[in-house]
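# What the coordinates show
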Amino acid sequence: MTPGRLAHGGAWIDRSKPVLFTFDGTELEGFQGDTLASALLANGVVGGFRSPILGRPRGIHAAGVEEPNGYVEISAPWFDAIAAATTVPLVDGLVARSRAGVGRLPEDPGSVATPRVAHRFVHVEVLVVGGGASGRAAARAASQEGDRVLLVDEHPVLDAPATGSDMTILANATALGVYDDGYAVVLERTVDIVVWHVRAGRVVLATGAIERPIALAGNDLPGVMLAGAAQTYVERYGVRPGERAAVFATNDPGFGVADVLRQAGVDVVRTVDARSGELVIEALGAERLERILVRTTDGREEAFDVDLLAVSGGWNPNLGLWRSIGGGLRYDDERAAFVPDGGPPWLSVEGRAAGDVPAGTPLWFVEHGDDAAKFVDLQRDQTVADIAEAVGGGLRSVEHVKRATYIGTAVDQGRTSGVLAAETVSRLLGEAAGAQGPSNARPPYAPASYLSLAGPTRGDLLDPIRTTPMHPWHVAHGAAFENVGQWKRPWFFPRDAEPMHRAVERECLAVRNGVGAMDASTLGKIEVVGADAPAFLDRMYTNRMSNLAVGSIRYGLMLGLDGMVLDDGVAMRLAEDRYLVTTTTGGAATVLDRFEEWLQTEWPDLRVYCTSVTEQWAVVAINGPRAREVVSATGTDVDVAREAFPFMTFRDGHVAGVPARLARVSFSGELAYELHVPAWHGLEVWEAVMAAGEPFGIEPYGTEAMHVLRAEKGYVIVGQDTDGSVTPHDLGMDWIVNLSKGDFIGRRSLRRSDLVRTDRKQLVGLLPDDARALLPEGAQLVVEDTGRIPMPLAGHVTSSYQSAALGRAFALAMLAGGHEMHGTTVFAPLPEGTLACTVTSPVPYDPDGERRDG
Amino acid sequence: MTARSPLAERSADLGRVGARELAFLSQIDVRVDPAGATTLGFPTDPNTATSGGRDVLWLGPDEWLIVGVPGATTAIMHELEASLSGLHCSVVDVSANRAVIELAGPSRHDLLSSACPIDLHPRSWDDGRCAQSVFGAAQVLLHEREGVTRLFVRPSFADYVVDLLLTVAPA
Amino acid sequence: MLLVHCPWCGPREEVEFRYGGQAGIAYPTDPDALSDEAWADFLFMRDNPKGAFAERWYHAAGCRRWFDAVRDTATHAFLPADHRDRARR
């Protein structure tokens, strides 16, 4: 038997199950069902804590989540940086240290056992928060109506109401917040954690009321406790919180606590009734409460030696959840409390939370004694004097006083200080009680770890890693990968641990001189079908698609309404009323969504249907002078002879025995074929191509080589050389803008005054004077090398590579007035020195396109 | 020809969560005006599906997904093109465009509810229902069919879906 | 998280939708006839009221339909609207 434990009683503890725990290095004993706080009190640990700012001795003040003083760090058997001891369930091997102020991370994160965290979405007609009598009644009534009901309570013990068929009851479950339209997040914490995302038709808050203290000099001493908490320790945990007690209250139930204490063997030496004008004017003691001073109605002072002062200044309906979603308050004079008044139609309040609390005399702080010793917010160490200073400095609003004093902002979120502080402000300003409500409440209602909120979609599951059907081959052949949006694409294929630039050089030379194969499956693909498909595409692209011959392919550019380049790709005309449109990898979903938006919202009369087929087709791109031979060797029924299969046309047939569409499209400038095959056959066709290409020295190549090869031809990459602020004219692509075909998206913007300025940044090529010098992508460009500061910025480098084909470094850049600057010199100031470059056309390699037919 | 389905390497993992891949199903995306769809017997109530030799799933007011056994794509497409002849419509083979996972067992809806926000309670979700939604960061199509749940997802997201199912499954 | 009522699918979680900005702004019938200022007004200028606001919503992860809704920008509550409204730019 420990000094504070009663011989009998304690409805929530199991005396047959003793539990060993450690607090600040001392091993102690409690029972299953105890909280850490009740077990500490049972062991006579009345103090044991320090206030965060002033370092004053503190002890357990309350019995629930409203506890302002008793905060601990738990290091075993789980880790919690900061938790209220009143909410920590006592388990075997619990190791706790008192903490004041900021929590800290575990010294050895690897050794910490993390709980399993699950998230669950659940739909109910009624969510009831709070399992007391009124909550259970609301849940029972709804269940009997046939509603799906979820009843949650933050305590570990909960009497189940008689149920209908569809009621779920969760204990150890805290509603963290209630949000729009009846959406609530509930944190259920046992050994593991479940975060419930609740969508409720309506929400009932039966969250009870929290007792209010009275600010009197010395009220922060260990041994000063909320009266209801003292009662709870006796009744729930069989704990006597003191030996000699006094009770100071403004309401009937407060005095009822005196009876409970007496029955528990506590010597209640004095009850002080504020309703009649009696006051406790001071609590005295060194490390804990030892004595109180009482002022009687006839003005005398009496002293009493006590180690427990149970205080009840009234009851505040617990309305944090109500207020955070916009529920209003009004002040009730008789109850000296704020009660709910007006909120969303799907949200209601029952029981004590609705204002069914005892009537009482309003008493916020005792006039007598040192204001600087009358604590209002225990966790922020803020007193009546601090509030008086704020008010004295001119602050009138409770919200401003909050910001000046931090009252209500600690872990306990002002549960015992909020109303007290607001009424203290009103009183000091000479306002009527209830003139201002307490400061606003926001979720989460109680602390929740990032681990719990993050749920299962974190780490590797934070973002999907998307791969193509050929991915296993790339992995098996040692590809290095880069992220292209959510996709993992082969970046380069290093051989024998060669550095990246060697691999890229080798891959580029293979494509220019022999043949290479690239996995192009990630490109977006959309089927556009219907009698108005030609007209529709004419409106979406800058160039005409309606006169594209069936069997042919055309490159197209797509603009935003603001005239800026948005996406590009090729369109294949499959039939009079049918196109296959390709997009950039990153633009696939965006372009399809745009098509749908225009068709549904502006042009519902156009007979066009769009269907995504991005992953229906895997694509093998074979590029290089020997590409034709490799396609033949792979085995195809398509006539790939030069005359039979011209550039920018396609043929349907078979490759390697698999149905395929072959397209003569080239992003390298070399002879090239794209093989589009059903994705199930992607891997086998790729393997067939690599096998057939071996005698021709075929090399797999990745996105880096692809970037170099296309840059050598001056082909832009939307999103690399463009950034949403670049027009076709800026890119030197007037040839693709057909202004006579009728309106298309972006057409009107192209003649906005800002878009026709001649000093706009325009696409150019750059050849550094030092042929080996690689300009960094993003390097800023200036036209003078005088070093004058500030330097007017003339442009920036968008793409920069070492070119095996050119035998030198080169870059693409956006340069103000660049179209007229070919042959001039510009400079790139860099930390290591300024690089001079000659401006050229952006097509440094094979400018006449002679290599494309092989 | 050695076709390879998106989840060919994941059958053991799928088995751990009471699931399996339905590989190579025929899938055809049909878009046509609701009036045309009615003549074909397509379901016009949103988010419902009909089952039979082939399933027809409502995806939108003018879009349906036809699902059939492996190898039936060409036959189904020819049949549809004939039935829809003369109508403004689109019939597209999307058989490889989605991987299909079949989840069985009494806890399959709880499993899905770990990362999918739609109401899968029996009073809202039973045989003949289908819905497009999200499962974590993946867009999915769900179809409740004869006591099992089919989950359709783009192949490139299929591994993520399996990994997420494994993560949320009870230990 | 908002609960958004798709006219076809019924109430669904906000995560399935994309917000489409102000409703009722039609693409001009004759863009060429507009001055730069009028064109810029169409491109960039949108209302920002406190209170009821007609908006476009797109059921991106669901049936992929666009629709209009009226919503109170201060309380976030959707207000009754004709379900069959088509969104217009």
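It should be emphasised that the depicted structure is a prediction, and the values quoted were computed from it without experimental measurement. (Residues numbered from 1 in each chain as written. Chains lettered and ligands numbered in written order. Predicted model: local features only at pLDDT ≥ 70, side-chain atom pairs only at ≥ 80, totals over all residues. Heavy atoms only, no water.)

### Observations regarding the nonpolar core
All names here are of chain A. Phe21, Phe23, Leu36, Val72, Tyr233 and Leu261 are the most contacted members of the largest nonpolar core, which totals 49 residues. Sequence-distant contacts of Leu36, that is, excluding residues within four places in its chain, are made with Phe21, Val72, Ala85, Val88, Leu90, Leu94 and Ala96. One finds Ala503, Val504, Met564 and Phe744 within the second-largest nonpolar core, a separate group that totals 34 residues. (Core = buried A, V, L, I, M, F, W, Y, C linked by side-chain atoms within 4.5 Å. Buried < 20%, exposed > 50% of the residue type's maximum accessible area, 1.4 Å probe, protein only. Contact = heavy atoms within 4.5 Å.)

### Notes on the environment of Leu509(A)
Residues and elements named next belong to chain A. Its place among the elements puts Leu509 in helix H11 (residues 500–513). Looking at Leu509, the relative accessible area reads 34%, which means it is partly exposed. With 37 residues separating them in the primary sequence, Leu509 and Ser546 have C-alpha atoms 38 Å apart. If we skip the residues at most four places from it in the chain, Leu509 touches Gly514 and Ala804. (Helix = DSSP H or I, 4+ residues; strand = E, 2+ residues; numbered from the N terminus.)

### Remarks on the domain arrangement of chain A
All names here are of chain A. In terms of domains, chain A is made up of domain 1 (370–437), domain 2 (471–520 + 617–709), domain 3 (524–615) and domain 4 (757–854). Of note, the centres of domain 2 and domain 3, computed from C-alpha atoms alone, are 25 Å apart. Each partner contributes residues to the interface: domain 2 has 15 residues there, and domain 3 has 15 residues. When domain 2 packs against domain 3, the two sides together hide about 1200 Å² of surface, and 68% of this comes from carbon and sulfur. Interface area lost by domain 2 to domain 3 is led by Trp617, Met648 and Phe650, which between them contribute 47%. Where domain 2 touches domain 3, the interface holds zero salt bridges. Across the contact surface, domain 2 and domain 3 share three residue pairs in polar contact (both at pLDDT 80 or more). The set of elements that each furnish at least two residues to the side of domain 2 that touches domain 3 consists of strand E29 (487–492), strand E36 (617–623), strand E37 (650–655) and strand E38 (658–663). (Domains from an automatic or database assignment. Buried area = accessible area lost by both parts, 1.4 Å probe. Salt bridge = Lys/Arg side-chain N within 4 Å of Asp/Glu carboxyl O. Polar contact = N/O pair within 3.5 Å; in protein donor to acceptor, adjacent residues only side chain to side chain.)

### Observations concerning the interface of chain A and chain B
At the junction of the two partners, chain A supplies 45 residues and chain B supplies 49 residues. Buried surface at the junction of chain A and chain B, both sides included, amounts to about 3800 Å², of which 55% is carbon and sulfur. Viewed at the interface, chain B and chain A are joined by five salt bridges. The partner of Arg123(B) in a salt bridge is Glu125(A), with the nearest N and O atoms 3.5 Å apart. Run the count over chain A and chain B and you get 24 residue pairs in polar contact (both at pLDDT 80 or more). Among the elements of the structure, strand E8 (117–129), strand E31 (524–529), strand E35 (609–612), E38 and helix H15 (682–693) of chain A are those that each provide at least two residues to the side of chain A that touches chain B. Looking at the side of chain A that touches chain B, its residues break down into 18 nonpolar, 13 polar and 14 charged. (Nonpolar A, V, L, I, M, F, W, Y, C, P; charged D, E, K, R; others polar.)

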